[in-house]
Amino acid sequence: MAIPDYQTLMLPVLSVAAQGETRVPEAAEVIANQLGLTNDEREQMLPSGTQRLLHNRIHWAKFYMTKAGLIMSPKRGLFTASPIGRALLATQPSRIDVETLKTYPAFVAFHEASSAGSGRNDAPAVEAASVSAATPEEQVDAAYSVLTAALKAELLSRILEQTPTFFERVIVDLLVAMGYGGSHESAAMRLGKSGDGGIDGIVDEDRLGLDRIYLQAKRYALGSSVGRPEIQAFVGSLVGLGATKGVFVTTSSFSTPAMEFVRGLQQRIVLIDGARLTELMVEFGVGVRLSRTVEFKRLDEDFFAGDE
């Protein structure tokens, strides 16, 4: 089953907390057993890879209920249900969510203070964050994914508007940014000037030039694909040169027969389609620039550990 959102987890978290002092990992184990989650679901990470998804959602369920006074923390890392939380459980609620928390003055005060502290223009964002089914980290990851997907699509569109020479330069810039080609000058000199049939360029695999990578670049329109015959021709050229490593780059995609053909080869052939190309461009900063950096801080528990 899918892991419930953090609001749905509020009731199970409070119920576990009412059984005694606990920690997020311990509560997560109990709740995972109650929900019958598989091992893969228990280990599922946030898109950012920084924390287990279930742990993150339990943390935020606990956080918001703490602000409402339903949960209290008697000591570092531990939490338990407060008398107010136990009183709520005694009513046998079918669900606890943000709307439930808004009936508690402490949470209303927290919510109003958060909105005021963020500024009048940010108040709608604070409201949306507190009532969303996604935790703040999930919202950040989702926004990042949407913005990155849009950037990749724009990159590919702009590349297709340019000349084949520009496309070759993109590949040079990318390979050099990734650490191949030795220097930009030597990589640029070789790419597009090989003169060998089926080979568009040669770059050094390392700065000493101990091994070489042979390249083929095809700037195809979206919707088309590179088929097996094109890959076979490329491999034939590699065999004729005694080469064992090749990279085939396209702005479009590769057909299934082409990808299956590569898997059975002795030569090491890497296929880079338009999606992978733009992914690498974003990762290595080619054709893009930093627009905004957002820094998030977390509470330093060691700072508050005292002299224990």
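Below you will find a few notes about this structure. Quick caveat, the model's predicted, so the values are computed rather than measured.

## Structural notes on a nonpolar patch on the surface
Then comes step 1: Together, Val 140, Val 294 and Phe 296 make up a nonpolar patch on the protein surface, roughly 290 Å² of accessible area in all.
Then comes step 2: For Phe 296, the location among the structural elements is in the segment after helix H14 (274-283).
Then comes step 3: On the accessibility criterion, Phe 296 (60% relative accessible area) is exposed.

## Here we look at the nonpolar core
One recurring pattern in soluble globular proteins is that nonpolar side chains are buried together.
Then comes step 1: Grouped together as the largest cluster of nonpolar side chains are 35 residues, with contacts concentrated most on Met 10, Val 13, Leu 14, Met 65 and Leu 101.
Then comes step 2: If you list the elements that add at least two residues to this core, you get helix H1 (10-17), helix H2 (24-35), helix H4 (53-68), helix H5 (83-90) and helix H6 (98-101).
Then comes step 3: The contacts of Leu 101, once residues within four sequence positions are left out, are Met 10, Tyr 64, Met 65, Ala 68, Leu 70, Ile 96 and Phe 107.
Then comes step 4: Leu 155, Leu 215, Ile 272 and Leu 277 belong to the second largest nonpolar core, which has 18 residues in total.

## With respect to the pairing of strand E3 (residues 201-204)
Then comes step 1: Here E3 shows two buried faces, one formed by Gly 201 and Val 203 and the other by Ile 202 and Asp 204.
Then comes step 2: Here four bridges tie E3 to strand E4 (residues 212-218), and the two strands are oriented antiparallel to one another. In the sheet register, Gly 201 faces E4, and the bridge partner there is Leu 215.

## Brief notes about the environment of Lys 102
Then comes step 1: Position of Lys 102 relative to the elements: it lies in the loop between H6 and helix H7 (105-118).
Then comes step 2: Sequence separation of Lys 102 and Ala 68 is 34 residues, and the distance between their C-alpha atoms is 7.8 Å.

## As for the packing of aromatic side chains
Then comes step 1: On inspection of all chains with the given rule, the structure shows ten aromatic pairs.
Then comes step 2: Relative to Tyr 64, the ring of Tyr 6 has its centre 5.6 Å away and its plane inclined at 35 degrees; by these criteria the two rings are tilted. Of the two residues, Tyr 6 is situated in the segment before H1 and Tyr 64 in helix H4; the sequence distance between them amounts to 58 residues.
Then comes step 3: Note on Tyr 6: relative accessible area 0%, which makes it buried.
Then comes step 4: For Tyr 64, a relative accessible area of 6% gives the class buried.
Then comes step 5: With a centroid separation of 5.1 Å and 75 degrees between ring planes, the pair formed by Trp 60 and Phe 63 is classed as edge-to-face. One end of the pair is Trp 60 and the other is Phe 63, both in helix H4 and three residues apart, which spans about a single turn.
Then comes step 6: The buried category is assigned to Trp 60, whose relative accessible area is 15%.

Calculation notes
Residues numbered from 1 in each chain as written. Predicted model: local features only at pLDDT ≥ 70, side-chain atom pairs only at ≥ 80, totals over all residues. Heavy atoms only, no water. Patch = residues over 30% accessible without salt bridge, like charges linked within 9 Å, V, L, I, M, F, W, Y side chains within 5 Å. Areas by Shrake-Rupley, 256 points an atom, 1.4 Å probe, with all protein chains shown as cover. Salt bridge = Lys/Arg side-chain N within 4 Å of Asp/Glu carboxyl O. Helix = DSSP H or I, 4+ residues; strand = E, 2+ residues; numbered from the N terminus. Buried < 20%, exposed > 50% of the residue type's maximum accessible area, 1.4 Å probe, protein only. Core = buried A, V, L, I, M, F, W, Y, C linked by side-chain atoms within 4.5 Å. Contact = heavy atoms within 4.5 Å. Pairing = 2+ DSSP bridges. Phe/Tyr/Trp six-rings, centres within 6.5 Å; stacked < 30°, edge-to-face > 60°.

Bear in mind that shape data such as this cannot, by itself, settle questions of function.
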